Amino acid sequence: MKKLSYIFLLTVALCFAACGEDRTHEYEELIAHNKWMFSVMRDNYLWGDLIQEQDDKTYFYTSTRFFSTLVSSTGQKDSWSYCLVDSAPSDPHARGHFNHLDTYGIDYVMATDPTKATSRSMARVTYVAQGSPAAQCGLQRNAFISVVDDTRLTSSNASKYLESGESHSIVFHHIDTIEGGSYVWTDTVRTTLPASTLVVEDAFPVHSIFTVAGGKIGYLLCTRLMPYPDECKQEGTEFQEQLDHCMQNLLQHQPTDLVLDLRYCNYGTVEMAQRLASYLLPSIYQGTPFAQTIWNSSHAANNTTYTYQALSGTLDLSRVFIITSNYTQGAAEWLIQALKTTIGDANVILIGQATKGQNVMTSYVASGYGHQLYPAVAYVADGEGNYNYGSFSPATANTITETNVNFIPYMKPLGDPEELLFMAALEAIFNM
């Protein structure tokens, strides 16, 4: 069918020429957006010089398909660059079943009834965004959703009911353990889940100080390392101000250790990673290299060295405990690599799961053709110029998958010292 489309378009173009009137401009209009994209990618893309010349038919591809064709033609393993079409909005930074643009505000995993009373499937809630429809109806981590609109939930219909859409009636349950370790339901809740909506997720929704075994332990949850909420507009400092507020509160207590929770941090900027790192380490590192960006030869003038900032106060930490997951990527990983280079691998202790392995940054390129480009434009290297790093994995003893059914009793609210990964981080602190 696609081949017929190309033949038809070429036939039309030939007919225009045969009629004696030069109407090639109409042919060019059909492919102008992809011609523009080719030029932009050749110039801006980190591996732009490797983009292969395209044959005529590819210029009739959809924008997203043409973009993918250009990226794949370089032979690079680039899963970070993307193209968005204005008429089909999507969240490129969705995490599992949670997106920001049109969402109930939850992530979940499907699980078989853990009490073993039935063989039914349920959605075990792993994350609830503050202020979201899910939060409004009382859903929390470790709730088990069993029924939506009088329909039993299954692996095949869960995404239909729990990602976005109209308001639903839902049934969910909470669970506990009894002597012997068996699981039992403690209640059944019937309520209404409001319609999905845009959710502006706080970048730093939880921070706190705990006194444990005579030591003061700080906790900071970061969902993205952005200075502003809107990646396209790239304006404002709302999230940077959130970070500053959280750090000032932590600084008042001068914790002996910090647990930095990056399990949901899947994008951000070098500048915000730089700012957070500057708050963590002793002031002796101020002015020393934090990270470097390395652009393609056409934009080598953009190469930048970022140094640890001179801030009014720092936590003065010699080691940092970081919670990671398979969502952790981008700016969170640039932060981890920088800290490892600055204070040593042994002093950056990871707890959780392996990260994604993103060593490049993307940049927004506006278009007048109804789409937005986010090509990889630079490597993000550490202060020594090394960008050949990949995924970061916790030591075997600290590798934990929180969705494992054996850990059901420990899926507490984020920031609770009895929450599984926070508890594991505390054990690591006191066992070192």
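The structure presented is a predicted model; accordingly, all values stated were derived computationally and were not measured.

Caption draft 1: Region of the structure containing a nonpolar patch on the surface. Together, Leu 101, Leu 198 and Val 200 give the surface a local cluster of nonpolar side chains, amounting to about 270 Å² of exposed area. Mapped onto the fold, Val 200 is located in the loop between β7 (183–193) and β8 (206–212).

Caption draft 2: Broad picture of the nonpolar core. Leu 260, Leu 280 and Phe 290 are the most contacted members of the largest nonpolar core, which totals 52 residues. With 8 residues, helix α8 (residues 331–343) is the single largest residue contributor to this core. Leave out the neighbours within four places in its chain, and Leu 280 touches Met 247, Leu 258, Leu 260, Leu 315, Asp 316, Leu 317, Val 320 and Leu 339. Core analysis: the second largest hydrophobic core is formed by 24 residues, Ala 129, Val 259, Ile 400 and Leu 420 among them.

Caption draft 3: Up close: the packing of aromatic side chains. Per the counting criterion, the structure on display carries 17 aromatic pairs. For the ring pair Tyr 45 and Trp 47, a centre distance of 5.4 Å and an interplane angle of 80° mean the geometry is edge-to-face. Trp 47 carries the same exposure label as Tyr 45, and that label is buried. Plain terms: the ring middles of Tyr 285 and Tyr 308 are 6.4 Å apart, the flat faces sit at 50° to each other, and that makes the pair tilted. Highlighted residues: Tyr 285 in the loop between α7 (270–280) and β11 (289–295) and Tyr 308 in the loop between β12 (304–307) and β13 (320–324), separated in sequence by 23 residues. Overall, Tyr 308 belongs to the buried group, its relative accessible area being 3%. A cation over a ring is seen here: Lys 35 above Tyr 59, with NZ or CZ 4.4 Å from the ring centre. Positioned above the aromatic ring of Tyr 127, the side-chain terminus of Arg 95 is 5.0 Å from the ring centre.

Rules used throughout
Residues numbered from 1 in each chain as written. Predicted model: local features only at pLDDT ≥ 70, side-chain atom pairs only at ≥ 80, totals over all residues. Heavy atoms only, no water. Patch = residues over 30% accessible without salt bridge, like charges linked within 9 Å, V, L, I, M, F, W, Y side chains within 5 Å. Areas by Shrake-Rupley, 256 points an atom, 1.4 Å probe, with all protein chains shown as cover. Salt bridge = Lys/Arg side-chain N within 4 Å of Asp/Glu carboxyl O. Helix = DSSP H or I, 4+ residues; strand = E, 2+ residues; numbered from the N terminus. Core = buried A, V, L, I, M, F, W, Y, C linked by side-chain atoms within 4.5 Å. Buried < 20%, exposed > 50% of the residue type's maximum accessible area, 1.4 Å probe, protein only. Contact = heavy atoms within 4.5 Å. Phe/Tyr/Trp six-rings, centres within 6.5 Å; stacked < 30°, edge-to-face > 60°. Lys NZ or Arg CZ within 6 Å of the ring centre and 35° of its normal.

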